[in-house]
Amino acid sequence: MTPSLHLWLVPVLPLVGAAINGLFGRHFTRRIVSAVALAFPGAAFALALWVAFQFPSLIAGPYRETLAPWIRAGSFRADFAFYLDQLSLVMLLVVTGVGFLIHVYSVGYMAEEGGCYRFFSYLNLFMFFMLTLVLASNYLLMFIGWEGVGLASYLLIGFWFTKDSAASAGKKAFIVNRIGDFGFLIALFLLIKHFGSLNFDHLFSSIMPMSPEMQGTGLLTSIALLLMVGACGKSAQIPLYVWLPDAMEGPTPVSALIHAATMVTAGVYMVARSHVIFDRAPAALTVVAIIGTLTALFAASIGITQTDIKKVLAYSTISQLGYMFMACGVAGYSAGIFHLMTHAFFKGLLFLAAGSVIHAIGGEQDMRKMGGLRTKIPWTFWTMTAATLAISGIPPFAGFFSKDEILWQAYSSPQGSWVYWLIGVITAFITSFYMFRLWFLTFFGDYRGEEHESHSPAPHGHGIHESPKVMLIPLVILAVLSICGGWIGSKQFEHFLEPALSPNAGITYYSPAALIPSQSSARHLEPGNTELFLSGISVLAAAFGFYLAWLLYHRRPELPQRIALALNGLYEAVLNKYYIDELYAILFVKPVLDGSTKLLWHGIDQNVIDASVDNSAEGAREVSDAVRHMQSGNLRSYAGWVAAGAAAVIVYMVWIGIR
Amino acid sequence: MVPLSYYLVLSGILFACGVTGFLIKRNIISIFLSIELMLNGVNLSFVAFAAQWKALSGQVFVFFVMVVAAAEAAVGLAIIIAVYRTRETLNVDQVNLLKL
């Protein structure tokens, strides 16, 4: 008998905070709103820490807690039940920890914004749904969280809803996510149909004995692929990544919390959670790996040309998520989750630091108008430096360890291939290049913004200024985590996660690649010299990216212009994000809009539904128009009608009689 | 013995007079009288048939009709007085509040 951990309190606490601020926040002062907004996620974080300390005593197996029955129909059961194993513990700590830090930061960032209570209410609501997602013990409850974070994301992207671009970015995010959710739902239906349950325990124990699916009905493969469709939507992978860059319309803490650290990683978590299914569907795993690899490279290449500081980070997020899927796709789930964790630290930090930069220069997001900020905002500069080094994969920062582990897995895993590794290294180089480009453009050289902002009263009243302490403290904590977060070591991390992710042990892979003898030699590599050699190459790639960025954006800032001119067509294409948005607009948006407008709106709604109602009303009106003249109020005309009626009856009777 | 058809023709003439008066008269009292005329036309045919067929039910029915007519006269005249008090006219063409 294990002691109760009161796990249900962890998600419910932020929900209470959201309810208080959402219902009564309008009447509170800003101070009380902030206190409520911090207290509940803070309490959730404290509880999560307590749970983490209790956890080793439960090591025997996952901890389960049923709060209340929910749906019980026949043999199908889905309860409000929570499930804690090593995987959800990591997610729990990341979500509550990073989430709480970002809440603290938001208090400073949103200090001069209106509608603060609305913002914090949504933010707490997001925490509730995200924690439900990671703690759920069945797919249905997970789906509730999954949809809920989408809702919170929609609300927060469109927080400045009077801005047209923000409102439509919110809609875009929501609609694109719906496409993914559709795949997720179909996968759930398939699971119910064939296994009669959505409960993790029940589901995985019935799938576990099955062997990897090489041919046959392809049931597990289709379930896995449909789950991947859902993950693609939520985690912004090709082809559903288009919503994430637009989502940068939201306030920066939102970008940090939802669109970098937590929500977008839900797809990775879901794939890792469903690893039992994916392990038995090698074809689906290959698809995951290919999607992840392509996304990593593709998004990174767009990141090079973006000039909006948040857009660069958005594409960087997509690219890093691609890495995580690459890891999952070669069955290196723990590497993916490890990167998820370090990414939450350094990408959350990057966004918060970018927010601090934007805050400092009065709302400007264009990097071409920044520069030379190093000495003016030193705290932001140093924390951002830590994050930049971490994401570029420079040892000993956190990103190095996780990225290196992913690349090693991509190379050495039975599912892996040197192609993944090569693209991964190229992406690492591009990542390092665009991150240092951002770094040099923002902090070095001369200030290129409008000069008067530093003298005359700017929107904030006092020129370029360092952010308040309440914003800097989370930055510093995250910077420390970005530096030290990787020192756990990927091997220890993998060992820690093993109970949650181990059931794939004992299954041999027969990937198509494995049948080619020349590649099977890579399969039995000892993690020794080769690993060291490969890490050396990826560090070199990162260093080269740094050098190139230094050369182009610090040493000779006129060069990028000339290169852009020389590569005119390619540069244009990349600058315009390969015209993917335009392509989608032609392929999907326009047909749907036209079809809806012409067929559904004008055709069916106006001509059939409205017309039938309108015409029957019109008909009734015309008939009554004709008849109402009988009701003249004139007694003698009534008498006349009565007489005429009587006469008609008599004529009829007579006619009947003489016939 | 006067044949039945005579009574019936007289009854029909009375009824027709009533209907005509009902339709063409504007004074509400005249209309009222026309209604009484129609009732009496019907009464006449009732008693004629009753005498012809030696059946009492026709005679009894006439009493019913008379009672109803008396009650109707009482109520109707009361209404007429009330109408006259408010509208100061007995012309039905001017009492047309029932129209749409």
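This structure is a prediction, so every number in the text was calculated from the model and none was measured. (Residues numbered from 1 in each chain as written. Chains lettered and ligands numbered in written order. Predicted model: local features only at pLDDT ≥ 70, side-chain atom pairs only at ≥ 80, totals over all residues. Heavy atoms only, no water.)

(A) Fine view of the overall build of chain A. For chain A, the count of helices and strands is 26 helices and two strands. Counting all 659 residues of chain A, 54% fall into the buried class. In chain A, the share of contacts with a sequence separation of at least 24, taken over all contacts with a separation of at least 6, comes to 82%. Accessible surface, chain A as shown: approximately 27,500 Å² in total, 69% of it carbon and sulfur. (Helix = DSSP H or I, 4+ residues; strand = E, 2+ residues; numbered from the N terminus. Buried < 20%, exposed > 50% of the residue type's maximum accessible area, 1.4 Å probe, protein only. Contact = heavy atoms within 4.5 Å. Areas by Shrake-Rupley, 256 points an atom, 1.4 Å probe, with all protein chains shown as cover.)

(B) Region of interest: helix H1 (residues 4–24) of chain B. Residues and elements named next belong to chain B. The terminal C-alpha atoms of H1 lie 30 Å apart, and with 21 residues this matches the ideal 30 Å at 1.5 Å per residue to within 8%. Taken together, the buried positions of H1 are Leu4, Ser11, Gly18 and Gly21. Buried residues of H1, seen end-on, are gathered within an arc of 125 degrees and therefore sit on one face of the element. Turned more than 90 degrees from where H1 packs its buried face, Tyr6, Val9 and Ile24 sit exposed. Contacts made by the buried residues of H1 are with helix H2 (28–53). (Expected span 1.5 Å × (residues − 1). Arc of directions from axis to C-beta.)

(C) Structural view of the side chain of A:Ser356. All names here are of chain A. Locating Ser356 in the fold gives a position in helix H15 (residues 333–360). When its relative accessible area of 0% is taken as the criterion, Ser356 is described as buried. Apart from the residues lying within four places of it in its own chain, the contact partners of Ser356 are Tyr105, Thr380, Glu466, Ser467, Met471 and Leu475.

(D) Structural context of the packing of helix H18 (residues 418–443) of chain A against helix H22 (residues 529–555) of chain A. All names here are of chain A. For the pair H18 and H22, the least separation of the axes is 7 Å and the interaxial angle reads 35 degrees. H22 is crossed by H18, and the crossing has right-handed handedness. Among the residues making up the contact of H18 with H22, the classes are represented as 19 nonpolar, four polar and one charged. (Axes fitted to C-alpha atoms, helices over the stretch in contact; angles between N-to-C directions. Left-handed = near helix turned anticlockwise from the far one by under 90°. Nonpolar A, V, L, I, M, F, W, Y, C, P; charged D, E, K, R; others polar.)

(E) Representation of the side chain of A:Gln306 in the model. Along the chain, A:Gln306 turns up in the loop between helix H13 (282–305) and helix H14 (309–329). What A:Gln306 contacts, discounting residues up to four positions off in sequence, is A:Lys311, A:Val312, A:Tyr315, A:Met367, A:Arg437, A:Val574, A:Leu575 and A:Lys577.

(F) View of the nonpolar core. All names here are of chain A. Within the largest apolar cluster, 186 residues are counted, with the highest numbers of intra-cluster contacts made by Leu84, Tyr139 and Ile277. Examining the composition of this core, we find that 17 residues originate from one element, H15, more than from any other. Look past the residues within four positions of Tyr139 in its chain and what remains in contact with it is Phe184, Leu188, Leu191, Leu198, Phe200, Leu203, Phe204, Leu227, Ser274 and Ile277. By size, the runner-up hydrophobic cluster in this structure holds 16 residues, among which are Ala327, Leu407, Trp421 and Ala428. (Core = buried A, V, L, I, M, F, W, Y, C linked by side-chain atoms within 4.5 Å.)

(G) How the structure looks around the environment of A:Met210. Residue and element names in this part refer to chain A. Examined against the element boundaries, Met210 turns out to sit in the loop between helix H7 (200–207) and helix H8 (219–234). Met210 sits 67 residues away from Ile277 along the chain, and the two C-alpha atoms are 9.6 Å apart. Every residue in contact with Met210, bar those within four places of it in the chain, is listed here: Phe195, Leu220 and Arg280.

(H) Quick look at the confidence of the model for chain B. Mean pLDDT over chain B stands at 90; residues scoring 70 or higher make up 97%. Complex prediction metrics read pTM 0.79 and ipTM 0.79. (pLDDT = per-residue confidence, 0-100.)

(I) Fine view of the packing of aromatic side chains. Residue and element names in this part refer to chain A. In this structure the tally under the stated criterion is 37 aromatic pairs over all chains. Considering the side-chain rings of Trp146 and Phe184, the 4.9 Å spacing of their centres and the 75 degrees angle between planes classify their relative orientation as edge-to-face. Of this pair, Trp146 sits in helix H5 (residues 139–157) while Phe184 sits in helix H6 (residues 164–195); the two residues are 38 residues apart in sequence, bridging distant segments of the chain. Here the two residues Trp146 and Phe184 agree in accessibility, since each one is buried. Measuring from ring centre to ring centre gives 5.2 Å for Phe400 and Phe401, while their planes differ by 75 degrees; the resulting arrangement is edge-to-face. The ring of Trp655 is capped by Arg659, whose NZ or CZ atom sits 5.2 Å from the centre of that ring. (Phe/Tyr/Trp six-rings, centres within 6.5 Å; stacked < 30°, edge-to-face > 60°. Lys NZ or Arg CZ within 6 Å of the ring centre and 35° of its normal.)

(J) Representation of the interface of chain B and chain A. Listed per partner, the contact involves 12 residues of chain B and 11 residues of chain A. Between chain B and chain A the total buried area reaches about 950 Å² when both faces are included, carbon and sulfur atoms providing 63% of it. Scanning the region where chain B abuts chain A turns up one salt bridge. Here A:Arg636 and B:Asp93 are joined by a salt bridge, their closest N and O atoms 3.1 Å apart. (Buried area = accessible area lost by both parts, 1.4 Å probe. Salt bridge = Lys/Arg side-chain N within 4 Å of Asp/Glu carboxyl O.)

(K) Quick peek at the pairing of strand E2 (residues 76–84) of chain A. All names here are of chain A. Of all nine residues that make up E2, seven are buried, and the element is covered over most of its length. Relative to E2, strand E1 (residues 63–73) runs antiparallel, the two sharing eight bridges. Bridging across to E2, Ala73 finds its partner in Phe76. Count of turn residues in the E1/E2 antiparallel hairpin: two residues, of which Gly74 carries a positive phi of about 60 degrees. (Pairing = 2+ DSSP bridges.)

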